[in-house]
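Remarks on the overall topology
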Amino acid sequence: MSLRINDTAPNFTAKTTKGSLNFHEYIGDGWAVLFSHPKDFTPVCTTELGYMAKIEPEFTKRNTKLIGLSVDPVENHEKWAHDIEETQGASVKYPMIGDSDLAVAKLYNMLPAEEPGTSEGRTAATNATVRTVFVVGPDKKIKMMLTYPMTTGRNFDEILRVIDSIQLTAQHKVATPVNWKQGEDVIIVPSVSDDDAKKAYPEGFKTVKPYLRIVKQPR
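Residues numbered from 1 in each chain as written. Predicted model: local features only at pLDDT ≥ 70, side-chain atom pairs only at ≥ 80, totals over all residues. Heavy atoms only, no water.

1. Details of the packing of helix α2 (residues 43-61) against helix α3 (residues 74-88)
- Closest axis-to-axis distance for the α2/α3 pair is 9 Å, and the angle between their directions is 75 degrees. In terms of their interaxial angle, α2 and α3 are classed as roughly perpendicular. Within the contact between the two elements, α2 uses C45, T46, T47, L49, G50 and K54 and α3 uses W80, I84, T87 and Q88.
- Its residues placed into classes, the contact of α2 with α3 shows 4 nonpolar, 5 polar and 1 charged. (Axes fitted to C-alpha atoms, helices over the stretch in contact; angles between N-to-C directions. Helix = DSSP H or I, 4+ residues; strand = E, 2+ residues; numbered from the N terminus. Parallel < 35°, antiparallel > 145°, perpendicular 65-115°, else oblique. Contact = heavy atoms within 4.5 Å. Nonpolar A, V, L, I, M, F, W, Y, C, P; charged D, E, K, R; others polar.)

2. Observations concerning the pattern of salt bridges
- As enumerated under the stated definition, the model contains 10 salt bridges in all.
- Residue K61 pairs with E58 through a salt bridge whose shortest N-O separation is 3.0 Å. Here K61 pairs with E58, and both are found in helix α2, just 3 residues apart, close to one helical turn.
- Salt bridges linked by common partners bring E58, K61, R62 and D164 together as one network. (Salt bridge = Lys/Arg side-chain N within 4 Å of Asp/Glu carboxyl O.)

3. A closer look at the side chain of S165
- The residue S165 is located in helix α5 (residues 156-171) in this model.
- A relative accessible area of 12% places S165 in the buried class.
- When residues no more than four places from it in sequence are discounted, the contact partners of S165 are T176 and W180. (Buried < 20%, exposed > 50% of the residue type's maximum accessible area, 1.4 Å probe, protein only.)

4. Observations concerning the pairing of strand β2 (residues 19-22)
- One ladder, built from 4 bridges, connects strand β1 (residues 13-16) with β2; its direction is antiparallel. Of the residues in β2, the one forming a bridge with K15 is S20.
- The turn joining β1 and β2, which pair antiparallel and follow one another in sequence, is formed by 2 residues. (Pairing = 2+ DSSP bridges.)

5. Things to note about unusual backbone geometry
- For N109, which is not glycine, the phi dihedral falls at a positive 60 degrees.
- As for its position among the elements, N109 is in the loop between α4 (103-107) and β6 (132-136).
- A residue is classified by how much of its surface remains accessible, and N109, at 40% relative accessible area, is partly exposed.
- The backbone phi angle of K140 is positive, close to 70 degrees, even though this residue is not glycine.
- Here K140 is to be found in the loop between β6 and β7 (142-147).

6. Overview of the sheet that holds strand β11 (residues 212-215)
- Read across the open sheet, the 4 strands follow the order β8-β9-β11-β10; overall the sheet is antiparallel. Both outer strands of the open sheet, β8 (174-175) and β10 (206-209), are each paired with one neighbouring strand and no more.
- Sheet topology note: the β8/strand β9 (residues 186-188) ladder contains 2 bridges and is antiparallel. Note on β9: the bridge partner recorded for V174 is I188.

7. Examining the pairing of strand β4 (residues 64-70)
- Taken across its 7 residues, β4 has 6 buried, putting it largely inside the fold.
- Inspection of the sheet shows strand β3 (residues 31-37) paired to β4 by 7 bridges, in the parallel sense. Across the sheet, residue F35 finds its bridge partner in β4, namely G68.
- Crossover β3 to β4 through α2 is right-handed.
- As judged from the 3 bridges shared by β4 and strand β5 (residues 96-98), these two strands associate in the parallel manner. Directly across from G68, in β5, lies its bridge partner M96. (Right-handed = clockwise from strand over helix to strand, strands pointing away.)

Structure below.
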């Protein structure tokens, strides 16, 4: 079954580098980023995991936990973590799921449900679609999905930007425009009438078109 934004993120219990973990329990009342990798000891993923380790405090500020996944056993992850720290200068502290039976990859539609076998004998190329980022909210709903090709390193600063937008728009009746960054002007959503907008934003807003009203970011 394919997954869409606003679907409930499938729950699972899996072995990780931090022990057995239930995904929904791990999220708790916060947010989570689940990001997957086709195989251990791959060059692009090594840089990605290291960068995420470096910026993990930025996710923590946003009440967001990180959890990685790779289609290899946990024992391999622990060896890979040494390479990541050596080459990227950062220690991976967030859990990494060992998806050697392909269960989570299939559950999240990153591999076909009928895909046979285990991680044994598989290559990064046969797992090429296991390169998706999922942002999950406190309600356990999928808020964002983004899949990259193997040869293109992911932009995790963009994931932080998206989380800022999602968290802001979950609290206020606004949307964020193209290339928006924290602190910049936002858009009042069409479902808010002008009268209600005037009450909500007494300092005023700019009407570019009846459907396009710009206002300072709510604090």
